[in-house]
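The chain contents come next:
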Amino acid sequence: MDALQPYILPLKGLGTGNHQFTFAVDSDFFAAFPDSPVQQAEVQLTLDLDKRPNLLVLDFGYYGWVEEKCDRCLPQIQLPVEGANQLLVKFGEPEEENENEDVVYIPVETAVWSVAQFAYEYILLGIPMIKACEEVSDTCDQEMLSYLEGKENSEEERHNPLRDALKNWKQPDN
């Protein structure tokens, strides 16, 4: 089965009013997107859809974890993600050049419509910019941090003749 199939909403079959959908976003979902930075994940996504005659109001809410590398000490960690986003979907053609990313226009005769791309983008936007072990545990791997800081290689670097020659090198005056 296609991993994105559950994210196709039957718009013609829905009556006016509120509807709720629940999705389990996992690794198969992210694998359906080429070059996805997320390989492993477990995220619960709820979609509250308010269908009106010429408008859909979609409220996305999600929580769970995605597997990422710690930016400091490099092991894989299960980074918590959560967030909420709202998307407005209007039926018809855009009146003018629309630069609002939270408003999408679809043809009036649309019978089914996929929310997979929006769910994917919202979850990726929920990933913190700095991914660190402190988000999921107490501290980073101190052995790796000391290696990256160069404490273990400092003796070797002090006696490197190439490094010493570069330190003493000066640019000629123009």
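Attention in this report is confined to the structure presented alongside it. Every residue gets a number counted from 1 within its own chain, in the order that chain's sequence is written. In keeping with the model being predicted, local features are shown solely for residues with a pLDDT of at least 70 and side-chain atom pairs are shown and tallied solely at 80 or more, while totals for entire chains, interfaces and linings include all residues. Computation of side-chain values: all heavy atoms of the structure, hydrogens and water removed.

Each salt bridge in this description consists of a side-chain nitrogen of Lys or Arg and a carboxyl oxygen of Asp or Glu lying within 4 Å of one another. One pass over the full model with this rule turns up one salt bridge. In this structure, D50 and R52 form a salt bridge, with 2.9 Å as the shortest nitrogen-oxygen distance.

By size, the foremost hydrophobic cluster in this structure holds 43 residues, and its most contacted members are L9, F29, L58, F60, L87 and W113. If you list the elements that add at least two residues to this core, you get strand 2 (17–26), helix 1 (27–31), strand 3 (41–52), strand 4 (55–69), strand 5 (76–91), strand 6 (103–106) and helix 2 (116–125). Residues within four places of F29 in sequence aside, it is in contact with A3, L4, Y7, A116, A119 and Y120. Buried Ala, Val, Leu, Ile, Met, Phe, Trp, Tyr and Cys residues that are joined via side-chain atoms within 4.5 Å together make up what is termed a nonpolar core. Three exposure classes are used, based on accessible area relative to the maximum for each residue type with a 1.4 Å probe and protein chains only: buried under 20%, partly exposed in between, and exposed over 50%. Going along the chain from the N terminus, every DSSP run of H or I of four or more residues is numbered as a helix, and every run of E of two or more is numbered as a strand. Contacts were defined at the residue level, with two residues in contact if any of their heavy atoms lie within 4.5 Å.

Attention now goes to the sheet that holds strand 4. Between any two strands, pairing holds if DSSP finds at least two bridges. If you walk across this open sheet you meet the five strands as 2-3-4-5-6, and the pairing is mixed. In this open sheet, the two strands that pair with only one neighbour each are strand 2 and strand 6. Ignoring which end each strand starts from, the neighbouring axes of this sheet average 25° apart. In this sheet, strand 4 lies alongside strand 3 in antiparallel orientation, the contact comprising 12 bridges. Residue pairing across strands places Q44 opposite Y63, the latter belonging to strand 4. Geometry is summarised by axes, namely lines fitted to C-alpha atoms with helices restricted to the contacting stretch, and by angles between N-to-C directions that run from 0 to 180 degrees. Of the strands in this sheet, strand 2, strand 3, strand 4, strand 5 and strand 6 are in contact with helix 2, which crosses strand 4 at around 50°.

Here the focus is the side chain of K51. The topology assignment puts K51 in strand 3. Side-chain polar atoms of K51 contact the backbone oxygen of L14, separated by 2.9 Å. Filtering out sequence-adjacent residues up to four positions away, K51 remains in contact with L11, L14, G15, T16, G17, H19 and L56. Between N or O atoms, a polar contact is any pair within 3.5 Å; within protein, one atom must be a potential hydrogen donor and the other a potential acceptor, and residues adjacent in sequence are included only when both atoms are from side chains.

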